[in-house]
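Chain residues, written in single-letter form:
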Amino acid sequence: MKIVNSNDSQEDSDDQCKTNISTYQATKLKQQAKDIQEMLLQFQRDFEDEECDKYYILSKKWFEQWKQYVSYDQVVNGQPPDKKFGQIMLQNYNNDLQETRINECFKFYPLNTHPWNVWLKPNLQEGKDYILISQQIQNFLNQNYRGLQIVRNSVGQGKNKKVVVNLFKFNATLILPNTIMQIAQDNLTQFEKEYLQVDESSTTKDLYALIQKTVPTFRGNYNSQNSVRIWKYNNQNDPHKALFAEIKKQVQDLDYFDDHVFNFSGDPIENSSNIAIKQLQLSENDLIVIEFQQSNKPWCIRHPSVPIEGKCENCGCICVLSYPCVCKKVAYCSEKCKINDEGMHLPKCDPCGSDDEQVRQITYTNQSVKGVTGLANLGNTCFMNSGTQCLSNTYQLSEYFITNKFFDEINEDNPLGTKGQLVRKYASLIKKLWCGDKNIVIPTSFKKAVGQFQPMFKGFQQHDSSELITFLLDGLHEDLNRVKKKPYVESKDYLNRPDFEVAKESWDNHLARNQSIIVDLMHGQYKSTLKCPTCSQISITFDPFLTVGLSIPSKKQKSIHLRLIKSILQIETKYINYEGSKKTMPLIEFTKEYIIPEFKIEPNSEFIFYTSYSYDIQELIDPKTEINVVRKNSKRGYLVMKLISKQESQIPLEDRIYLSYTQKALQGLSSQYKSTIFQSFQVIISKEFTLKQIHLAIFQAVLPIFCDVISPSDVDTPEKIQQYYEENVYGKYYQIQYRAPNAYWQLCNFCNQKDCQDCPAEYLDEIYQNLKNKFSKNDQNFKIDLIVFWNQSPFQNVKPADIFQYYQNQQQKKQMEEERNMMNNDENNNNSNKTRYTSKNNYYTNNNTNIKVTLQECLQQSEQPEQLAQDNAWYCKICKEHVQAFKSMQIYKASDILIFTLKRFKASSGFFKQKLETFVEFPVRGLNLTEFILNKNRPIDYEKEQLQKEKIEEELPEQIEDDKKLIYDLFAVSNHFGGMGGGHYTAYGKNHFNGKWYNFDDAQVNELDEDQIVSKSAYVLFYKRRQKDENTQDFNTQD
């Protein structure tokens, strides 16, 4: 039996009465007070002599509240607790010491426990803000209370021993290869102000070692040793902003596959045990730059104190590069490598910068290419290259930039412009195309400028060359607008005044706000007529235009968007046109008559047909289905025709199973979302196939992707294919998975779990049909879809999400190089270029139809009145209501440069577009626009026209009749081949100096005969007004 002391029992009873807490709680709190007193006394006795160098701090404010909570002073002095005993609501300890609003650069290793990762308020004082406690007291707090554990280290010994609580905070930023790439691609626009903190008595060697331990905590393939360098950067204003500007200026022209490096103007920090952090004397104007080196990539920072290291452009080895190119984009390990790479690099080497002074100095030389220069494709930028080459061959405009006249007219204050940045990049590009000596120009900085100021063109999606031309000309106009402050102008009503009077007034209003070289050369004037269908009231206005959109007359022709898949990496997309009378033709007969001749396929080839939309396969199509039904069902996507392989064709029809699979990968290192990286495909298997055979069938389909790691001799037999897959591919590069149910609440048939993340399809001998039958018993609609989930790329330094795009780009480069070599070998053959171009043209175009219209018919069609839509009704002042008026547009005046856009793309089913493949015939020389332009004079001639109008009529009546002929000559064409989303753009241009026509197909430039210019792929036509002295030339002008 336990004997209770009567005095203690009475004391506890008194405590309970005073504070209204339980006897157990009162006893516990008093014991805590006594224990802490003992631990504090022990800590004070041992502090100077013990070898421990790790201590903890505790908020003085919290400690005082805790003392009241346990009646510390009363209990340790043998007195009864006061009235606050057990009554105070304690907060988490040390919360009041923590600095919560700090932008930390990164955390040191170990992330959760390193003392430098805990940020405290500045200038804390011992005894006022905190007290020091031992490990023993901290353990007591961990067991009984909640709060933040704050560790700090001590320095010195004995009486000189002290704990460093206030760490040294300094500006810091982390430089990774990805950081530089993000800056180069305009995805990173500034360095945020970030900080790190350290014990200032620690050495730089300690800091290097700690950061090296921290490197593995970052996602990425970084070197395990010696992968850290630390630098010091100084700027008296804002070091973060200044460093970013320094980097941006150097890397803005770099491509994705260039070494992402820059020259650094700061100083290195030595890795030394003799240099304390305090000795660095860091201030607010200093920025510590911490650099990580990625495996198989060079350091980002280049500095005179260290040798240039990186990947040799020729041999690919990572080493010291002592032989840099003058363009500073590439470097070599030896003079031999530099010489060997000249053939590949010199055509795209660009030593010219884009600063104003550098651009001014670019002038014609004996080596200048004078416009016969290709533009490299940066990834689906053929639309930009096509539009840019057309504008480049507009020599009146290009000459304005080549002679540096634009510098005097840059308007940096125009809120509608780009502060001169777009015009500077464009001028730099034009000068390189005409005054440079390279056959290929890489328009990286120009592409970025276009994307930066028109987000629609940012990234690497395919776009419309006509939209690019319009945006570019509008942007150049605003950057070069001579009107510094645009006034408000109010237009007046027509009021039956003469056309000339109203048109001139409208043009004067336009010039009051818009004056530039673009207006001078290209702006024309429309006469717009609105007629009320009720009262026949007419309203006429005169509006400026930049380009003329021409409708194409319909000839009752239909088209279907077809995608032919020969293999997973051999895909062709075209619009197949056919007459409306063929709409009931079965698909199999349509294939024989239209598709096989168009794609030049073996007549005995075997196919399967299905529709595809947004990467996914919709349904298989019976070859007996009428083509009109097929066209209707595939309008939102494609009709896909897959060529059956030799192995698949050997499977009997009754045993075939059509199994679809999709290629997926994670978009980024931090992403958890599997995104589709390539379209879905069908693989034909037999009912008796095992899962192993399905694995091998898919591996054979994607085998070309492994071109960098597999030798053809390794996989030239089925046995070798299986052996290679099992030993080198399975479980390494990709994983085949069963696609999970679409709804997260549905149970997965394979793992029987909700919210499944796709189950692995193991490499087993289990028969596929047996597996499917097992699950079909419970679910009649059960279907197996596979996912090929890529977790590693076969290509070095290429993310899994980019492997297909990278492969296609590499194949294009190889094709370009082969064709360039062919050109060099056949340069004595005058017809070689034309032959190659013709085959390229046939690849893209569709020769099924002979339906043609003329440019005159398009002009006549565009002049026809059209009734306004109900949501665009016009207010009639006579009827006093909104009416669907009839609107007609006529060209009133045209400038020296006239740009026609053929309206080949029309809306179909809402958002989606359909391309009109109608052949539009247009004259190369002598386009007579006399009957289509109401006033033969240019808009810039209004004043002269008004002054001389009567005089010319009286003195030169015969000349008036001659002058009425408005003749224009073609000088550039933007072509579009293929269909929407899968097409390709090229340009034809007539050179100003030699009068020859050239085909600009991205980086390739071939000479053309004039009779090759007119094609059904023509999209945007550039015409130049023929001057008076040219009218007497013997040209075959158009009737």
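Residues numbered from 1 in each chain as written. Predicted model: local features only at pLDDT ≥ 70, side-chain atom pairs only at ≥ 80, totals over all residues. Heavy atoms only, no water.

Participant: Teacher, can you tell me more about the overall build of the chain here?
Facilitator: Scanning the chain for helices and strands turns up 29 helices and 45 strands. Every one of the 1039 residues in the chain was classed for burial, and the buried ones make up 49%. Restricting to contacts in the chain with at least 6 residues of sequence separation, those with at least 24 account for 72%. When the accessible surface of the chain is summed, it comes to about 53100 Å², and 45% of that surface belongs to carbon and sulfur atoms. (Helix = DSSP H or I, 4+ residues; strand = E, 2+ residues; numbered from the N terminus. Buried < 20%, exposed > 50% of the residue type's maximum accessible area, 1.4 Å probe, protein only. Contact = heavy atoms within 4.5 Å. Areas by Shrake-Rupley, 256 points an atom, 1.4 Å probe, with all protein chains shown as cover.)

Participant: Would you mind showing me how to read unusual backbone geometry here?
Facilitator: Where the residue is not glycine, phi is negative for most of them; where a peptide bond is considered, it is trans in most cases. Pro110 follows Tyr109 through a cis peptide bond whose omega is -5°. With respect to the helices and strands, the residue Pro110 is situated in the loop between helix 4 (72-76) and strand 2 (130-133). At Gln281, a position not held by glycine, the phi torsion is positive, near 50°. Assignment of secondary structure puts Gln281 in the loop between strand 9 (267-268) and strand 10 (286-292). The exposed category is assigned to Gln281, whose relative accessible area is 66%.

Participant: Quick question: what am I supposed to make of the sheet that holds strand 5 (residues 168-175) here?
Facilitator: Strand pairing in a sheet takes place through backbone hydrogen bonds and is either antiparallel or parallel in direction. Pairing is mixed across the open sheet formed by five strands, whose spatial order is 6-5-10-7-9. Edge positions in the sheet fall to strand 6 (195-198) and strand 9, since each has one partner strand and no second. (Pairing = 2+ DSSP bridges.)

Participant: Quick question: what am I supposed to make of a nonpolar patch on the surface here?
Facilitator: A contiguous nonpolar surface patch, about 290 Å² in accessible area, is contributed by Leu620, Leu653 and Tyr658. Tracing the backbone shows Leu653 in the loop between helix 21 (646-649) and strand 26 (656-666). Overall, the relative accessible area of 61% leaves Leu653 in the exposed class. (Patch = residues over 30% accessible without salt bridge, like charges linked within 9 Å, V, L, I, M, F, W, Y side chains within 5 Å. Salt bridge = Lys/Arg side-chain N within 4 Å of Asp/Glu carboxyl O.)

Participant: What should I look at first to understand the sheet that holds strand 3 (residues 151-155) in this one?
Facilitator: Strand order in the open sheet formed by four strands is 2-1-3-4, with antiparallel pairing between adjacent strands. With one partner strand each, in any of the chains shown, strand 2 and strand 4 (162-163) form the two edges of the open sheet. Pairing analysis gives two bridges linking strand 3 to strand 4, with the strands arranged antiparallel. Its bridge partner being in strand 4, Ser154 is matched across the sheet by Val163.

Participant: Would you mind going over helix 5 (residues 135-144) with me for this structure?
Facilitator: An α-helix turns once every 3.6 residues. As a result, residues three or four positions apart point the same way. Regarding helix 5, the residues found buried are Ile137, Gln138, Phe140 and Leu141. All buried residues of helix 5 project into a common sector of 155° when viewed along the axis, lining one side. Residues of helix 5 that are buried sit in contact with helix 2 (23-46), strand 1 (54-59), helix 3 (60-69) and strand 2. (Arc of directions from axis to C-beta.)

Participant: Where do I start with the packing of aromatic side chains in this structure?
Facilitator: Each aromatic ring pair is characterised by the separation of its centres together with the angle its planes make. Summed over the entire model, instances satisfying the criterion amount to 57 aromatic pairs. Geometrically, the ring pair formed by Tyr578 and Tyr594 is edge-to-face, given 6.4 Å between the ring centres and 70° between the ring planes. In this pair, Tyr578 sits in strand 22 (residues 570-579) while Tyr594 sits in helix 19 (residues 587-599), placing the two residues 16 residues apart along the sequence. Residues Tyr578 and Tyr594 agree in their burial class; the two are buried. Linked through ring pairs, Tyr661, Phe678, Phe681, Phe699, Phe706, Tyr725, Tyr730, Tyr733, Tyr734, Tyr763, Trp790 and Phe804 together constitute an aromatic cluster. Geometry around Phe407 places Arg360 over its ring, the cationic atom sitting 4.0 Å from the centre. A cation over a ring is seen here: Arg563 above Tyr638, with NZ or CZ 3.8 Å from the ring centre. (Phe/Tyr/Trp six-rings, centres within 6.5 Å; stacked < 30°, edge-to-face > 60°. Lys NZ or Arg CZ within 6 Å of the ring centre and 35° of its normal.)

Participant: Mind showing me how you'd approach helix 27 (residues 855-863) here?
Facilitator: Along helix 27, the positions that sit buried rather than exposed are Leu855, Gln856, Cys858, Leu859 and Ser862. Axial view of helix 27: buried residues confined to an arc of 160°, hence all on one face.

Participant: What's the story with the environment of Lys1024 in this structure? I'm lost.
Facilitator: Its place among the elements puts Lys1024 in strand 45 (residues 1018-1025). Along the chain, Lys1024 and Ile967 lie 57 residues apart, while their C-alpha atoms are 8.6 Å from each other. Not counting residues within four places of it along the chain, the set of residues in contact with Lys1024 comprises Gln396, Asp896, Ile897, Ile967, Tyr968, Asp969 and Phe971.

Participant: Hey, could you run me through the pairing of strand 45 in this one?
Facilitator: Within a regular beta strand, the side chains point alternately toward one face of the sheet and then the other, so they alternate between its two faces. For strand 45, a buried count of seven out of eight residues is recorded, marking the element as mostly surrounded by other parts of the structure. Sheet analysis places strand 36 (residues 897-902) next to strand 45, joined by five bridges and oriented antiparallel. The residue of strand 45 that forms the bridge with Phe900 is Leu1021. Bridging between strand 41 (residues 967-977) and strand 45 involves seven bridges; their strand directions are antiparallel. In the sheet register, Asp969 faces strand 45, and the bridge partner there is Lys1024.

Participant: Looking at this model, I keep getting lost on the pattern of salt bridges. Mind explaining?
Facilitator: Proximity of charged atoms lets side chains of opposite charge pair with each other. Tallied over the full model, the rule gives 29 salt bridges. A salt bridge links Glu104 to Lys107; the nearest nitrogen and oxygen atoms lie 3.2 Å apart. Members of the salt-bridge network, linked through shared partners, are Lys60, Glu64 and Lys67.

Participant: Help me understand the side chain of His303 in this model?
Facilitator: Following the sequence through the fold, His303 ends up in the loop between strand 11 (301-302) and strand 12 (309-311). One polar contact links His303 to Ser305, side chain to side chain, over a distance of 2.7 Å. If we skip the residues at most four places from it in the chain, His303 touches Trp231, Phe264, Gly266, Asp267 and Pro268. (Polar contact = N/O pair within 3.5 Å; in protein donor to acceptor, adjacent residues only side chain to side chain.)

Participant: Just to check I follow, could you spell out the packing of helix 2 against helix 3 for this structure?
Facilitator: If you want to describe how two helices pack, look at the angle between their axes and the distance between the axes. Across the interface, helix 2 lies against helix 3 with an axial gap of 10 Å and an inter-helix angle of 135°. As judged from the angle between their axes, helix 2 and helix 3 are oblique. Contact with helix 2, carried on its side by Gln25, Leu29, Gln32, Ala33, Ile36 and Leu40, involves Phe63, Trp66 and Tyr69 of helix 3 and no other residues of that element. (Axes fitted to C-alpha atoms, helices over the stretch in contact; angles between N-to-C directions. Parallel < 35°, antiparallel > 145°, perpendicular 65-115°, else oblique.)

Participant: So what exactly am I meant to see when it comes to the pairing of strand 43 (residues 997-1001) here?
Facilitator: The element strand 43 is largely enclosed, with a buried count of five among its five residues. Burial along strand 43 is two-sided: the face carrying Trp997, Asn999 and Asp1001 and the face carrying Tyr998 and Phe1000 are both buried. Linking two consecutive strands that pair antiparallel, namely strand 42 (residues 984-990) and strand 43, is a turn of six residues; a positive phi of about 70° is found at Gly995 within it. Pairing between strand 43 and strand 44 (residues 1004-1008): five bridges, direction antiparallel. In the sheet register, Phe1000 faces strand 44, and the bridge partner there is Val1005. Remark: two residues form the turn of the hairpin made by strand 43 and strand 44, two consecutive strands paired antiparallel; Asp1002 in that turn has positive phi of roughly 55°.

Participant: Sorry, what's going on with the confidence of the model for the chain here?
Facilitator: A low pLDDT means the predicted coordinates there should not be read in detail. Confidence along the chain averages 84 in pLDDT terms, with 87% of residues attaining 70 or more. Note that residues 908-912 has pLDDT below 50 and, in this model, eight contacts with residues that lie over four places away or in other chains. In this model residues 956-962 is a low-confidence stretch, pLDDT under 50, and it forms five contacts with partners more than four residues away in sequence or in other chains. (pLDDT = per-residue confidence, 0-100.)

Participant: Sorry, what's going on with the nonpolar core here?
Facilitator: Here is a general trend for soluble globular proteins: nonpolar side chains tend to be buried in one another's company. By size, the foremost hydrophobic cluster in this structure holds 60 residues, and its most contacted members are Phe699, Phe706, Tyr734, Leu786, Trp790 and Phe804. Beyond its immediate stretch of four places on either side in the chain, Trp790 contacts Gln663, Lys664, Ala665, Ile677, Val702, Ile705, Phe706, Tyr733, Tyr734, Pro800, Ile803 and Phe804. Formed by 55 residues, the second largest nonpolar core is a distinct cluster that contains Cys382, Phe446, Ile469 and Phe471. (Core = buried A, V, L, I, M, F, W, Y, C linked by side-chain atoms within 4.5 Å.)

Participant: Would you take a moment to explain the environment of Lys241 for this structure?
Facilitator: Residue position: Lys241 is located in helix 8 (residues 239-251). Counting along the chain gives 49 residues from Lys241 to Glu192, while the straight-line C-alpha distance between them is 8.5 Å.

Participant: What exactly am I supposed to notice about the packing of helix 12 (residues 382-392) against helix 14 (residues 421-434) here?
Facilitator: Across the interface, helix 12 lies against helix 14 with an axial gap of 11 Å and an inter-helix angle of 75°. As the angle between them shows, helix 12 and helix 14 are arranged roughly perpendicular. Taken together, the residues of helix 14 that come into contact with helix 12 (itself represented by Thr388, Gln389, Leu391 and Ser392) are Tyr426, Leu429, Ile430, Leu433 and Trp434. Looking at the contact of helix 12 with helix 14, its residues break down into six nonpolar, three polar and no charged. (Nonpolar A, V, L, I, M, F, W, Y, C, P; charged D, E, K, R; others polar.)

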